[in-house]
Amino acid sequence: MAQHQKPEHSGAAITSLKVQPYQSAAIIVTSPAIDADGWLSADHSQAGDETSPPVSWSGPLEVVTWALVVEDPDAPRDEPALHWLVWNIPGAWTSLPANLDKTAHPEGGHDLVQGLNSRGRPGWLGMAPPQGHGPHRYYFQLFGLDRHLDLAEDIPLVEFVNVLRSATIARGELVGRFENPHPTLDAPSTARTGAYGRDEGAPRAPTDAEARAGRGGLDRDDPDRHAPHDPDRVVRPR
């Protein structure tokens, strides 16, 4: 019998694709942990502090409790990686603070429950995609429910989804990206004259080689980030 091969990406549907709310109202989900370009702060990764990110939302007033599911469908496994499972967030709440305790019942959470992540532990599981695997997407899926949930703390996600199917009033979603670059393949090269698709931040001064060639440094807003530019920020043929 052939051994099971680990897939390149899970390919399976995330929770929000399996749950149809019975109202059309939308929930708007935001987080200061996700920047304007859609990147999720490394503070919440396993290489960082691995604290849970803050999340805010707005939506229907008749919600009794909220549930949050965070999944990574780009993980090399059969099912999306489950990074966070939270339910019984009070309906009057419009946000979750950062750095919740990694316990089933975090302090100050009232009846809030954190279920088990893909590591089999309660609370937030920090991002740690394989090095050089490319950007991973982290789906923050928020569900407004019509009831309080009396569930076991170790309920499997597949069973939790069945509960959501019968209790969801409305849902919302926010996606943040995170990448774990390969230390060698993705490292910047001193032989290159540009960022080669990577954001270097503020404009930099030209290197000695660029100055001798009469070219300027790479600018943040250049239309072609692969090419060297002259001091007037114009791409010139060699």
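Data block above holds the structure.
Residues numbered from 1 in each chain as written. Predicted model: local features only at pLDDT ≥ 70, side-chain atom pairs only at ≥ 80, totals over all residues. Heavy atoms only, no water.

S.K.: Looking at this model, I keep getting lost on the overall build of the chain. Mind explaining?
M.R.: If you tally the helices and strands in the chain, you get 2 helices and 8 strands. Moving toward the C terminus, one meets the helices and strands of the chain in the order β-β-β-β-β-β-β-α-β-α. Here the chain, with 238 residues, has 42% of them falling under the buried criterion. Excluding contacts between residues fewer than 6 apart, the proportion of contacts in the chain whose partners are at least 24 apart in sequence is 68%. Carbon and sulfur atoms provide 51% of the accessible area of the chain, an area that totals close to 12800 Å². (Helix = DSSP H or I, 4+ residues; strand = E, 2+ residues; numbered from the N terminus. Buried < 20%, exposed > 50% of the residue type's maximum accessible area, 1.4 Å probe, protein only. Contact = heavy atoms within 4.5 Å. Areas by Shrake-Rupley, 256 points an atom, 1.4 Å probe, with all protein chains shown as cover.)

S.K.: Sorry if this is basic, but what is going on with the sheet that holds strand S7 (residues 136-145) here?
M.R.: Hydrogen bonds between backbone groups are what pair the strands of a sheet, and the pairing can be parallel or antiparallel. Sheet architecture is open: 5 strands sit in the order S6-S4-S3-S7-S8, paired in antiparallel fashion. The two strands at the open ends of the sheet, each matched to only one other strand, are strand S6 (113-114) and strand S8 (168-178). Examined bridge by bridge, strand S3 (residues 65-72) and strand S4 (residues 81-90) share 7 bridges and lie antiparallel to one another. Each bridged residue has a counterpart across the sheet, and for Trp 66 the counterpart in S4 is Ile 89. Across the sheet, helix H1 (residues 157-167) touches S3, S4, S7 and S8, and the angle it forms with S3 is around 135 degrees. (Pairing = 2+ DSSP bridges. Axes fitted to C-alpha atoms, helices over the stretch in contact; angles between N-to-C directions.)

S.K.: Help me understand the packing of aromatic side chains in this model?
M.R.: Describing an aromatic ring pair means giving the distance of the ring centres and the angle of the ring planes. Scanning all chains against the criterion turns up 4 aromatic pairs. Ring geometry for Trp 57 against Trp 66: centres 5.5 Å apart, planes inclined by 55 degrees, an arrangement best described as tilted. Residue classification places Trp 66 among the buried residues on the basis of a relative accessible area of 2%. By the ring-pair criterion, three or more aromatic residues cluster together here, those being Trp 84, Trp 124 and Phe 140. (Phe/Tyr/Trp six-rings, centres within 6.5 Å; stacked < 30°, edge-to-face > 60°.)

S.K.: How do you make sense of the nonpolar core when you look at a structure like this?
M.R.: Grouped burial of nonpolar side chains is what soluble globular proteins tend to show. Core analysis: the biggest nonpolar cluster contains 26 residues, and Trp 57, Leu 68, Trp 84, Ile 89, Leu 96 and Phe 140 have the highest contact counts within it. Only strand S2 (55-58), S3, S4, S7 and S8 provide two or more residues apiece to this core. Here this core takes 4 residues from S8, the largest share from any one element. With sequence-adjacent residues up to four places away left out, Phe 140 is seen in contact with Ile 34, Leu 40, Pro 53, Val 55, Leu 68, Val 69, Val 70, Trp 124, Gly 172, Glu 173 and Leu 174. (Core = buried A, V, L, I, M, F, W, Y, C linked by side-chain atoms within 4.5 Å.)

S.K.: It is not clear to me how the side chain of Thr 15 should be interpreted in this structure. Could you clarify?
M.R.: Structurally, Thr 15 is set in the segment before strand S1 (28-30). Thr 15 has contacts with Val 69, Glu 71, Gln 141, Phe 143, Leu 157, Val 161 and Leu 164, leaving out every residue within four places of it along the chain.

S.K.: I keep staring at the pattern of salt bridges and nothing clicks. Help me out?
M.R.: Think of it this way: side chains of opposite charge can pair up when their charged atoms draw near. For the structure shown, the criterion picks out 2 salt bridges. Here Asp 74 and Arg 137 are joined by a salt bridge, their closest N and O atoms 2.8 Å apart. Here Asp 74 is found in the loop between S3 and S4, whereas its partner Arg 137 is found in strand S7, with 63 residues between them in sequence. You can call Asp 74 buried: its relative accessible area is 7%. (Salt bridge = Lys/Arg side-chain N within 4 Å of Asp/Glu carboxyl O.)

S.K.: Hey, could you run me through the pairing of S2 in this one?
M.R.: In the case of a regular strand, side chains alternate between the two sheet surfaces. With burial as the criterion, only one face of S2 is covered, namely that bearing Val 55 and Trp 57; the residues Ser 56 and Ser 58 on the opposite face remain uncovered. Pairing geometry for S1 and S2, over 3 bridges, is antiparallel. Among the inter-strand pairings, Ile 28 is bridged to a residue of S2, identified as Ser 58. In terms of strand pairing, S2 meets strand S5 (residues 95-96) through 2 bridges, oriented antiparallel.

S.K.: I keep staring at the sheet that holds S1 and nothing clicks. Help me out?
M.R.: A sheet is described by the order of its strands in space; here 3 strands give the open sequence S1-S2-S5, paired in antiparallel fashion. With partners counted over all chains shown, the strands left at the sheet margins are S1 and S5, one partner each.

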